[in-house]
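One-letter residues, chain by chain:
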Amino acid sequence: MKNTVVTIQEAKKRGEKITMLTAYDYSMAKLIDESGINMILVGDSLGMVMLGYEDTLSVTMEDMIHHTKAVTRGAKNALIVADMPFMSYQASVYDAVCNAGRLMKEGRAQAVKLEGGKEVFPQIEAITKASIPVVAHLGLTPQSLNVFGGFKVQGKSEEAAKKLIEDAKGAEAAGAVAVVLECVPAKLAELISKQINIPTIGIGAGAGCDGQVLVYQDMLAMFGDFKPKFVKQFGQIGEQMKAAFSQYIKEVQNGVFPAEQHTYGISDEMLEKLY
Ligand SMILES: Nc1nc(=O)c2c([nH]1)NC[C@@H]1CN(c3ccc(C(=O)N[C@@H](CCC(=O)O)C(=O)O)cc3)CN21
Ligand SMILES: CC(C)C(=O)C(=O)O
Ligand SMILES: [Mg+2]
């Protein structure tokens, strides 16, 4: 069944957990979608896991649209959320609406996600008014890396925790359909989840959230540049891939691959003519 913003909000009301993973291309979106996921995030994390940047700041609207198009072609049932990249919504409400519109119109995403609280309430409101569902993203907001001084857990002080609660409530009031909570103490994320009506999707925010999201390369152990504490490896796919690649290299080198069954024939008469 096709997931929509309404079905994920109903899931929260019924107390059913919401599942989300990232995807950045057609094949992976299809595999994840066929596994029965509720939501797929085309995250700006693609800058790091797909493009090899050290952070998400260099990701462009063109990058996001390119990958979103591929994902939306692959996923039939999941609700597709596309990240708004750095500087596509911060400078003005006008930018935010136009760029959110491109992710929907060109990428065919069903919702957009943007980072920040109070600072971006006008953007959340305006994009929502344009009939584009918005997911808010609070806590560790990687596009603010240079303000935080690194990828660090947020909301530990009383002041920061209070701002996080106010930001979550304000995002809901501004029209957000869900809130991602990244690297927030579990007890605080649980409290926020109880105090708002829209679903919270946690990453490093504990089991008290209404749903969970992970970057697929992290949960498949395909990405080794860093391993945040919140990552659980559900498979050792990186190792399995390397073993298969090594096997291929060995078989090509010693003539085992390709075998007869991997080749195409030609008639003996034809071959005689050629000789
Ligand atoms: N592969 C990947 N996975 C992600 O979850 C992810 C990305 N890339 N790119 C965009 C952001 C960046 N994220 C990150 C990156 C690093 C940490 C990290 O190293 N966290 C420390 C916290 C240190 C502390 O404050 O205690 C950790 O040990 O978990 C967390 C989130 C989450 N997002
Ligand atoms: C880590 C998730 C929430 C994200 O924003 C991304 O993948 O870009
Ligand atoms: Mg992101």
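Worth saying up front: this structure is predicted, and the values here are computed from it rather than measured.

Trainee: Tell me about the environment of valine 256, residues and numbers included.
Mentor: With respect to the secondary-structure elements, valine 256 resides in the loop between helix H11 (237–253) and helix H12 (268–274). A residue is classified by how much of its surface remains accessible, and valine 256, at 48% relative accessible area, is partly exposed. Placed 171 residues apart in sequence, valine 256 and proline 85 show a C-alpha to C-alpha distance of 47 Å.

Trainee: Tell me about the packing of helix H5 (residues 93–105) against helix H6 (residues 121–129), residues and numbers included.
Mentor: Interhelical geometry of H5 versus H6 gives an angle of 45 degrees and a closest axis separation of 9 Å. The angle between the axes of H5 and H6 places the two elements in the oblique class. Like other packed secondary-structure pairs, H5 and H6 cross with a definite hand, here right-handed. Counting all contacts with H5, which are made through Val93, Ala96, Val97 and Ala100, the residues of H6 involved are Pro122, Gln123, Ala126 and Ile127. In terms of residue class, the contact of H5 with H6 is built from seven nonpolar, one polar and no charged.

Trainee: Report on the nonpolar core, specifying residues and quantitative values.
Mentor: Formed by 76 residues in total, the largest nonpolar core has its most connected members in Ile40, Ile124, Ile127 and Leu181. Per-element tally for this core: the top contributor is helix H8 (residues 158–174), with six residues.

Trainee: Lay out the UniProt feature "active site" (unreviewed entry) in the protein chain in plain terms, naming residues and giving numbers.
Mentor: Look at the UniProt record and you will see "active site" (unreviewed entry) annotated at Glu182. Positionally, glutamate 182 belongs in strand S6 (residues 178–182).

Trainee: Kindly report on the coordination of the magnesium ion (ligand 3), identifying the contributing residues and their values.
Mentor: The protein atoms that coordinate the magnesium ion (ligand 3) are Asp44 (OD) and Asp83 (OD), at distances spanning 2.1 to 2.2 Å. One end of the pair, aspartate 44, is in the loop between strand S2 (39–42) and helix H3 (46–49); the other, aspartate 83, is in strand S3 (residues 79–83), and 39 residues separate them in sequence. On the basis of relative accessibility, which here comes to 4%, the residue aspartate 44 falls in the buried class. Residue aspartate 83 is classed as buried on the basis of its relative accessible area of 3%.

Trainee: Could you give an account of the site of ligand 2, naming the residues involved and the relevant values?
Mentor: In the region of ligand 2, the neighbouring residues are Thr22, Leu41, Gly43, Asp44, Ser45, Asp83, Lys113, His137, Val180, Glu182, Ile203 and Val215. Between ligand 2 and the protein, one listed contact pairs an oxygen atom with a side-chain N or O atom of aspartate 44 at 2.8 Å. Between ligand 2 and the protein, one listed contact pairs an oxygen atom with a side-chain N or O atom of lysine 113 at 2.8 Å. Burial of ligand 2 by the protein amounts to 94% of the accessible area it has alone, namely 260 Å². Class assignment of the residues belonging to the shell around ligand 2 gives a composition of four nonpolar, four polar and four charged.

Conventions we followed
- Residues numbered from 1 in each chain as written.
- Chains lettered and ligands numbered in written order.
- Predicted model: local features only at pLDDT ≥ 70, side-chain atom pairs only at ≥ 80, totals over all residues.
- Heavy atoms only, no water.
- Helix = DSSP H or I, 4+ residues; strand = E, 2+ residues; numbered from the N terminus.
- Buried < 20%, exposed > 50% of the residue type's maximum accessible area, 1.4 Å probe, protein only.
- Axes fitted to C-alpha atoms, helices over the stretch in contact; angles between N-to-C directions.
- Parallel < 35°, antiparallel > 145°, perpendicular 65-115°, else oblique.
- Left-handed = near helix turned anticlockwise from the far one by under 90°.
- Contact = heavy atoms within 4.5 Å.
- Nonpolar A, V, L, I, M, F, W, Y, C, P; charged D, E, K, R; others polar.
- Core = buried A, V, L, I, M, F, W, Y, C linked by side-chain atoms within 4.5 Å.
- UniProt positions renumbered as here; feature names shortened; annotations may be inferred.
- Donors = N, O, S within 2.8 Å, 3.2 Å for Na, K, Ca; no water.
- Near = heavy atom within 4 Å.
- Polar contact = N/O pair within 3.5 Å; in protein donor to acceptor, adjacent residues only side chain to side chain.
- Areas by Shrake-Rupley, 256 points an atom, 1.4 Å probe, with all protein chains shown as cover.

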